[in-house]
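In case you want the letters, here they are:
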Amino acid sequence: MRHHRLLSLIGILAVLLTGCTTSEPIAQGAAQAVTATWPAAAPQPTHAPTDEPPTVTPEPAPTSAPEPTAVPAPRVGIQAGHWKLENLPDEMQQFRTWSGSYVRGYDEWEINLPIAQAVQQQLEAAGVQVDLLPTVIPIGYTADAFVSIHADGVSGAQAGVRHGWKIATPYRASPASEALAAAVQDSYERVTELPPDPRGASVDMRAYYAFASYRYWHSIAPTTPAVIIETGFMTYPTDWNLLYKRPEVVAQGIAEGVLAYLHARDPNDTAARQPVNLPMLKPKAANTPLYQYGNLNSPVARRLAAGQLLVPLATREGWYLVLTRGPWDIGWVRTVDVDITDVPQVPLTSRPDE
């Protein structure tokens, strides 16, 4: 008995001295589970412990690339002058027979339309949205630019003399309209090699009905940058050959200018699209002359009543171009014949029936 107890004590001592090593699978599984569940003990700090919590630097939040903002393509209205004029509304019925020039069996719209279509194709190829517009303009039409395309014509001896092109902005033109005109003027002369008409733009061009939102519902919004271009004279041989035989070149002269303007503009600059403000006027005395042109040798269109309100459209040294209300008329008055009033300016969107 004492011998067996001795052997048991010796066995226990041997196990302790060998570190309790075992090859049992269960013991191995238990060791692995512990290792997987708990992290290794942290090293002891070498400085005195404090009661303040440790400073933790957060992991930076993952960042993702911002979603690209889609920039809408600019929208441009290209009008083929006199095209489908028979569809004009009643407010413009007086223009239904206004077919423009007629040369060599062609009405003007038949020259204007192929040029306008070629401009449309060239702008669309550059990624621009284009509305090809007939004579009738959608009410209050709004776009990033508007170009009305026309061709000139004269009769008699002048047919062999007058030629060239010209461009005009609306009255009270916004800075954006002026910039559009300058860009098209530069490209048109360079591409077509046509000279400008020395007589320049006429009163009728700047008072074009599509610009006259103060008179007609079917017109562009005053904040739409706009120009009207007379591309050349159908009655002059050199001009005719270009307009009729090479409309794509004429179109290139226009399209390059429109694209140059669109690339240079700031689409967020709403102030640049605002028409110029001019104060309301009234004649100082009864029978003040309203001249057809801005010079004293011009015929007098009519006589104005004292105090009659006049809507100014443009000004130059010594003269105002004004719009009269009741009856409606456009003409020139001398600055010395009128007073500036404190009446609020009549907006360009004010029409006779308002």
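Residues numbered from 1 in each chain as written. Predicted model: local features only at pLDDT ≥ 70, side-chain atom pairs only at ≥ 80, totals over all residues. Heavy atoms only, no water.

Colleague: Can you tell me about the packing of aromatic side chains, naming the residues and giving the values?
Modeller: Summed over all chains, the structure comprises 13 aromatic pairs. Seen from their ring centres, F146 and F211 are 6.4 Å apart, and the 80° between their planes marks the pair as edge-to-face. One end of the pair, F146, is in strand 5 (residues 145-152); the other, F211, is in the loop between helix 5 (203-206) and strand 7 (226-233), with 65 residues separating them in the sequence. Residue class for F146 comes out buried when judged on its relative accessible area of 0%. Its relative accessible area of 8% is what places F211 among the buried residues. Sitting over the ring of W332, R316 keeps its end group 4.4 Å from the ring centre. (Phe/Tyr/Trp six-rings, centres within 6.5 Å; stacked < 30°, edge-to-face > 60°. Helix = DSSP H or I, 4+ residues; strand = E, 2+ residues; numbered from the N terminus. Buried < 20%, exposed > 50% of the residue type's maximum accessible area, 1.4 Å probe, protein only. Lys NZ or Arg CZ within 6 Å of the ring centre and 35° of its normal.)

Colleague: I'd like a rundown of the nonpolar core, residues and numbers included.
Modeller: Judged by nonpolar contacts, the single largest core of 43 residues is most densely connected at I78, V119, L123, I149, I229, I254 and V258. Of all the secondary structure elements, the ones that give two or more residues to this core are strand 1 (75-80), helix 3 (108-125), strand 5, helix 4 (175-192), strand 7, helix 6 (237-245) and helix 7 (247-264). It is helix 7 that contributes the most residues to this core, 9 residues altogether. Setting aside residues up to four positions removed in sequence, L123 forms contacts with V76, I78, V128, V130, A255, V258 and L259. Membership of the second largest hydrophobic core comes to 33 residues, among which are M92, I137, A226 and W328. (Core = buried A, V, L, I, M, F, W, Y, C linked by side-chain atoms within 4.5 Å. Contact = heavy atoms within 4.5 Å.)

Colleague: Please set out the pattern of salt bridges residue by residue, giving values where relevant.
Modeller: Per the counting criterion, the structure on display carries 8 salt bridges. When the shortest N-O distance is used, the salt bridge between K166 and D197 registers 2.8 Å. Of this pair, K166 sits in strand 6 (residues 166-168) while D197 sits in the loop between helix 4 and helix 5, and the two are 31 residues apart along the sequence. Residues joined by salt bridges that share partners form a network here, namely D152, R162, K166 and D197. (Salt bridge = Lys/Arg side-chain N within 4 Å of Asp/Glu carboxyl O.)

Colleague: Describe in detail the sheet that holds strand 5, supporting the description with residues and values.
Modeller: With respect to topology, 5 strands assemble into an open sheet ordered 4-1-5-7-6, the strand pairing being mixed. Across the chains shown, the open sheet's two edge strands, defined by having one partner strand only, are strand 4 (129-133) and strand 6. Averaged over all neighbouring strand pairs, the angle between strand axes comes to 20°, with direction disregarded. In the sheet, strand 1 pairs with strand 5 via 5 bridges, with the strands oriented parallel. Residue V76 lies in a different strand from strand 5, and its bridge partner there is A145. Each of strand 5, strand 6 and strand 7 is contacted by helix 4, which is oriented at about 25° to strand 7, the strand it contacts most. In this fold helix 7 packs onto strand 1, strand 5 and strand 7, with an angle of close to 155° to the strand it touches most, strand 5. (Pairing = 2+ DSSP bridges. Axes fitted to C-alpha atoms, helices over the stretch in contact; angles between N-to-C directions.)

Colleague: Give me the lowdown on the packing of helix 4 against helix 7, citing residues and values where you can.
Modeller: In the contact formed by helix 4 and helix 7, the axes pass within 7 Å of each other and the chain directions differ by 145°. Note on packing geometry: the crossing formed by helix 4 with helix 7 is right-handed. Facing helix 4, whose interface residues are A176, A179, L180, A183, V184, S187, Y188, R190, V191 and T192, helix 7 presents V249, V250, Q252, G253, I254, E256, G257, V258, A260 and Y261. (Left-handed = near helix turned anticlockwise from the far one by under 90°.)

Colleague: How would you explain unusual backbone geometry if you had to name every residue and give the values?
Modeller: Of note in the backbone geometry, R104 takes a positive phi value of approximately 55° without being a glycine. Along the polypeptide, R104 turns up in the loop between strand 2 (102-103) and strand 3 (106-107). Backbone geometry places N287, a non-glycine residue, at a positive phi of 65°. Along the chain, N287 falls in the loop between strand 8 (281-283) and strand 9 (288-291).

Colleague: Residue-level account of the side chain of D239, with values.
Modeller: Looking at where D239 falls in the secondary structure, it is placed in helix 6. Within the buried set, D239 has no salt-bridge partner at all; the shortest N-O distance to an opposite charge, 8.6 Å, is to K166. Excluding residues that lie within four positions of it along the chain, D239 makes contacts with H163, G164, L194, G232 and F233. (Lys, Arg positive; Asp, Glu negative; His and termini not counted.)

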